[in-house]
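# Fold and geometry: a report
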Amino acid sequence: MTDRPTIRDVAGRAGVSIATVSRVLNDKGDVSAQTRRRVREVARSLGYSVDLAARELVTQQTRVVAIVVGDNAGHRDLSLIFFGKVLAAISHRLAQSSYDPLLLQPRDIDLGHRFGAAVLIGVDDDDTLVAELAARQVPLVGVDVRCPGVRTAYVGSDHAGGVQLALAHLHALGHRRIAHLAGAANTVAGSERLDAFVRESRRLDLDIPDEYVRRGDFSSASGYRETCALLALPERPTAIVAASDLMALAALQAIRDAGLQPGRDVAVVGFDDLEAAALAYPPLTTIRQDRQELGTLAATRAIELIEDPESTPRTTVLPVELVVRGSSTG
């Protein structure tokens, strides 16, 4: 015998049928907002919670979504600086629909894990993990990761559009010698931003010598190193477009260490709009990504793939915006 409340107890106290309680607690439709509130209030007051294990046995559907964070964009801790807000938004959206997030590193995944879908972040498109999950018929959502297969979705930012905004801004200010601190070439963000820089520079008829394109990995260390190399050139650039804010912030320091003034002697534009960008000296001009919307949309796509097995692959590219601050106008 147990005193644990049952779904029948909730139904009786709320004055509704067991079927109605089930629909409310499983987030199904056809229940009025007033009834939904009453049922949830009664369930909370009685201390009733859905038996997730039992529900999975009945529906053959787990309520766990794996969030797999790799390190293809540099050190994993650096990745989390950017993706922290994305992860928080994913968790919040999943909780709204009674799904549980399971944060994993790629090496932690084994055949014993059961989850309804996986959101992949910081993982190479051709990583064997992607193929293994697809072979297990796990629905996949890639955040700046392109996953092959039928039950997949892609969510990312307009990387090319962001670089176009940055170059147009600098070009309008009169800059013609513009360099690029490229991100990791094995990532969607890094490769698309680099391609856009080369393409847009040609369209603007800018003469970009090969040494103006520096290969980095999104990290502050690579940003500092490559900026020093740029400043040592016989004809240094007057402006720098960095593939990440971490690289751009390091570029500001490298410019100061060279006895120059960021913004006045060398303009800098970043990409991401991390919280530190507005606090930098001078404040960093950057391309803002909507990290919260990236996470919310990634979780929504995961839920859709779980609940609609017939859904077709979807690609969503979110717009970005230029945020002008002192690092380009000083």
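Notes on the structure follow. This structure is a prediction, so every number in the text was calculated from the model and none was measured. (Residues numbered from 1 in each chain as written. Predicted model: local features only at pLDDT ≥ 70, side-chain atom pairs only at ≥ 80, totals over all residues. Heavy atoms only, no water.)

### Observations concerning the overall build of the protein
- Along its length, the protein carries 12 helices and 12 strands.
- In the protein, buried positions account for 51% of the 330 residues.
- For the protein, the proportion of contacts with a sequence separation of at least 24, taken over those separated by at least 6, is 70%.
- Accessible surface, the protein as shown: approximately 15,500 Å² in total, 50% of it carbon and sulfur. (Helix = DSSP H or I, 4+ residues; strand = E, 2+ residues; numbered from the N terminus. Buried < 20%, exposed > 50% of the residue type's maximum accessible area, 1.4 Å probe, protein only. Contact = heavy atoms within 4.5 Å. Areas by Shrake-Rupley, 256 points an atom, 1.4 Å probe, with all protein chains shown as cover.)

### Section: the pattern of salt bridges
- On inspection of all chains with the given rule, the structure shows 13 salt bridges.
- K85 is paired through a salt bridge with E275; the nearest N and O atoms lie 3.3 Å apart. In this pair, K85 sits in helix α5 (residues 76-96) while E275 sits in the loop between β9 (267-272) and β10 (285-288), placing the two residues 190 residues apart along the sequence.
- Residue E275 is classed as partly exposed on the basis of its relative accessible area, which comes to 47%.
- The shortest N-O distance in the salt bridge between R301 and E304 comes to 3.2 Å. In this pair, R301 and E304 are both assigned in helix α11 (residues 291-307), three residues apart and thus about one turn of the helix distant.
- A network of salt bridges, in which partner residues are shared, links D273, R288, E321 and R325. (Salt bridge = Lys/Arg side-chain N within 4 Å of Asp/Glu carboxyl O.)

### Some words on the sheet that holds strand β7 (residues 213-215)
- Pairing in this open sheet of six strands is mixed, and the strands run β7-β6-β8-β9-β10-β12 from one edge to the other. Among the strands making up the open sheet, the edge pair consists of β7 and β12 (321-323). Strand-to-strand twist of the sheet, defined as the mean angle between neighbouring strand axes without regard to direction, takes the value 20 degrees.
- Here β10 pairs with β12 via three bridges, running antiparallel. Paired with T286 across the two strands is V323, which belongs to β12.
- Contacting β6 (178-182), β8 (239-242), β9, β10 and β12, helix α7 (residues 159-172) crosses the sheet at an angle of about 160 degrees to β9. (Pairing = 2+ DSSP bridges. Axes fitted to C-alpha atoms, helices over the stretch in contact; angles between N-to-C directions.)

### Describing the sheet that holds strand β1 (residues 64-69)
- Across the sheet, six strands lie side by side as β2-β1-β3-β4-β5-β11; this open sheet has parallel pairing. Looking at the sheet topology across the chains shown, the edges are occupied by β2 (100-104) and β11 (314-318). Put simply, the sheet's adjacent strands are angled 15 degrees from each other on average, direction ignored.
- In this sheet, strand β4 (residues 140-143) lies alongside strand β3 (residues 117-121) in parallel orientation, the contact comprising four bridges.

### Let's talk about α7
- Here α7 spans 20 Å end to end across 14 residues, near enough to the 20 Å set by a 1.5 Å rise per residue.
- Taken together, the buried positions of α7 are occupied by H159, A160, G161, G162, V163, A166, L167, H169 and L170. (Expected span 1.5 Å × (residues − 1).)

### Remarks on helix α3 (residues 33-46)
- Taking 1.5 Å per residue, 14 residues should reach 20 Å; α3 reaches 20 Å between its end C-alpha atoms and fits that length.
- Listed as buried for α3 are T35, V39, V42 and A43. Looking straight down α3, one finds its buried side chains confined to an arc of 100 degrees; they lie on one side. Within α3, the exposed residues directed more than 90 degrees away from the buried face are Q34, R44 and S45.
- Looking at the buried residues of α3, the elements they touch are α1 (7-14) and α2 (18-25).
- Two residues or fewer after α3 comes G47, characterised by a positive phi angle close to 75 degrees. (Arc of directions from axis to C-beta.)

### Topic: the packing of aromatic side chains
- By the definition in use, this model includes zero aromatic pairs.
- Its end group placed over the ring of Y99, R63 keeps NZ or CZ at 3.9 Å from the ring centre. (Phe/Tyr/Trp six-rings, centres within 6.5 Å; stacked < 30°, edge-to-face > 60°. Lys NZ or Arg CZ within 6 Å of the ring centre and 35° of its normal.)

### Some details on the pairing of β10
- The pairing of β9 with β10 spans four bridges and is parallel. Paired with F271 across the two strands is I287, which belongs to β10.

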